[in-house]
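# Coordinate inspection notes
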Amino acid sequence: FFSSRRRHTKYGTVTGVQTCALPISNCTVSGANPRTVTVPFAGTATATFSVSCAPRLGNLAVTAASAGTDLDPNGYTVLVDGSQAKSVAVNGTVTFTGLAEGGHTVQLTGVATNCTVDGANPRTVTVPFGGTAATVFDVTCASRVGNLEVTAATTGGSPDPDGYTVTVDGGPSQAVASNGTVTFTGLAEGTHSVELTGVAGNCTVSGANPRSVTVPY
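Residues numbered from 1 in each chain as written. Predicted model: local features only at pLDDT ≥ 70, side-chain atom pairs only at ≥ 80, totals over all residues. Heavy atoms only, no water.

## Details of the overall build of the protein chain
The number of helices and strands found in the protein chain is zero helices and 20 strands. Put simply, 57% of the contacts in the protein chain that link residues at least 6 apart link residues at least 24 apart. Just so you have it, the protein chain exposes about 12,500 Å², and 52% of that area is on carbon and sulfur atoms. (Helix = DSSP H or I, 4+ residues; strand = E, 2+ residues; numbered from the N terminus. Contact = heavy atoms within 4.5 Å. Areas by Shrake-Rupley, 256 points an atom, 1.4 Å probe, with all protein chains shown as cover.)

Okay, here's the thing in structure tokens:
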């Protein structure tokens, strides 16, 4: 915007001392602003403003808000425009500074397979000039559980007619036939102790009993 008190009438141009100025946002003006310019009669005065402009930048705050069970122990990674990356805790905030004004693509990565991100991911967020935009990624995590199949394979004469009992972690138990399989569902991911009990005196179990078995998610 440029203003001057110089005005035209049907009688000609008003002359004399006039004041002019330029607005400032992300730009700076060298020299006086406003400044005084003397307009000569029937002539033209010149006022030159040297203006330097900096990039129009802003900031972006990204929050991860996680709920549920078995939250990702390693946290996540926030990716902006496919290039700038920062780590963020499962319930935390990171800030990207000096981003150009306008729309940016934001993505939450490194999310564990038992967790899901609500809403668009990636998503577009508009960064304002001189301000901070904010976006929240809501993450829901489910329990990391799996199943365990235990098989009894009996050979030789006179197998145990009653079958056996399988016990996991000294707690949940299931009966299993002398040549049969049982399944334990919903066990937490990780290592569990499995034992075959109720074995007749004329029978022996090969290998460790109890033994450790790793249940995958």
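## So, the sheet that holds strand β11 (residues 102-109)
Taken in spatial order, the four strands line up as β9-β8-β11-β13 in an open sheet, and their pairing is antiparallel. Strands with a single pairing partner mark the edges of an open sheet, and in this sheet they are β9 (84-88) and β13 (123-127). The average undirected angle you get between the axes of adjacent strands in this sheet is 30°. When strand β8 (residues 76-80) meets β9, the two strands line up antiparallel, connected through five bridges. (Pairing = 2+ DSSP bridges. Axes fitted to C-alpha atoms, helices over the stretch in contact; angles between N-to-C directions.)

## Considering the state of the cysteines
Here the structure, examined in full by the defined rule, presents two disulfides. Across a sulfur-sulfur distance of 1.9 Å, cysteine 27 and cysteine 53 are joined as a disulfide pair. The S-S bond linking cysteine 27 to cysteine 53 shows a torsion near 105°; that makes this disulfide right-handed. Placement of the pair is cysteine 27 in strand β4 (residues 27-30) and cysteine 53 in strand β6 (residues 50-53), with a sequence separation of 26 residues. Accessibility expressed as a relative area gives 51% for cysteine 53, which makes it exposed. Between the sulfur atoms of cysteine 115 and its disulfide mate cysteine 141 the distance is 2.0 Å. Handedness here is read from the sign of the S-S torsion; for cysteine 115 and cysteine 141, about 105°, the answer is right-handed. (Disulfide = S-S within 2.5 Å. Buried < 20%, exposed > 50% of the residue type's maximum accessible area, 1.4 Å probe, protein only.)

## Considerations on the pairing of strand β19 (residues 190-197)
Bridge analysis of strand β16 (residues 164-168) against β19 gives four bridges, and the strand direction is antiparallel. For valine 168, the partnering residue across the bridge sits in β19 and is valine 194. Taken together, the five bridges between β19 and strand β20 (residues 211-215) define a ladder with antiparallel strand orientation. In the sheet register, valine 194 faces β20, and the bridge partner there is arginine 211.

## Remarks on the nonpolar core
Residues Leu60, Val62, Tyr76, Val78, Phe96 and Leu108 are the most contacted members of the largest nonpolar core, which totals 22 residues. The element best represented in this core is strand β14 (residues 132-141), accounting for four residues. Excluding anything up to four places from it in sequence, leucine 60 contacts Val80, Val94, Thr95, Phe96, Leu99, Val106, Val125, Val127, Thr132 and Ala133. Ranked by size, the runner-up nonpolar core spans 13 residues in total, among them Val168, Val182, Phe184 and Leu196. (Core = buried A, V, L, I, M, F, W, Y, C linked by side-chain atoms within 4.5 Å.)

## With respect to the packing of aromatic side chains
This model, assessed by the stated rule, comprises zero aromatic pairs. Its guanidinium or amino end placed over the ring of phenylalanine 49, arginine 35 lies 4.1 Å from that ring's centre, counting from NZ or CZ. A cation over an aromatic ring shows up here: arginine 56 above the ring of phenylalanine 129, its NZ or CZ 4.0 Å from the ring centre. (Phe/Tyr/Trp six-rings, centres within 6.5 Å; stacked < 30°, edge-to-face > 60°. Lys NZ or Arg CZ within 6 Å of the ring centre and 35° of its normal.)

## Describing the environment of proline 172
Mapped onto the secondary structure, proline 172 falls in the loop between β16 and β17 (173-176). Proline 172 gets classed as partly exposed once you look at its relative accessible area, which sits at 48%. On a C-alpha basis, the gap between proline 172 and phenylalanine 184 in space is 8.4 Å, while along the polypeptide they are twelve residues apart. Ignoring sequence-local partners within four residues, the contact set of proline 172 consists of Val166, Thr167 and Phe184.

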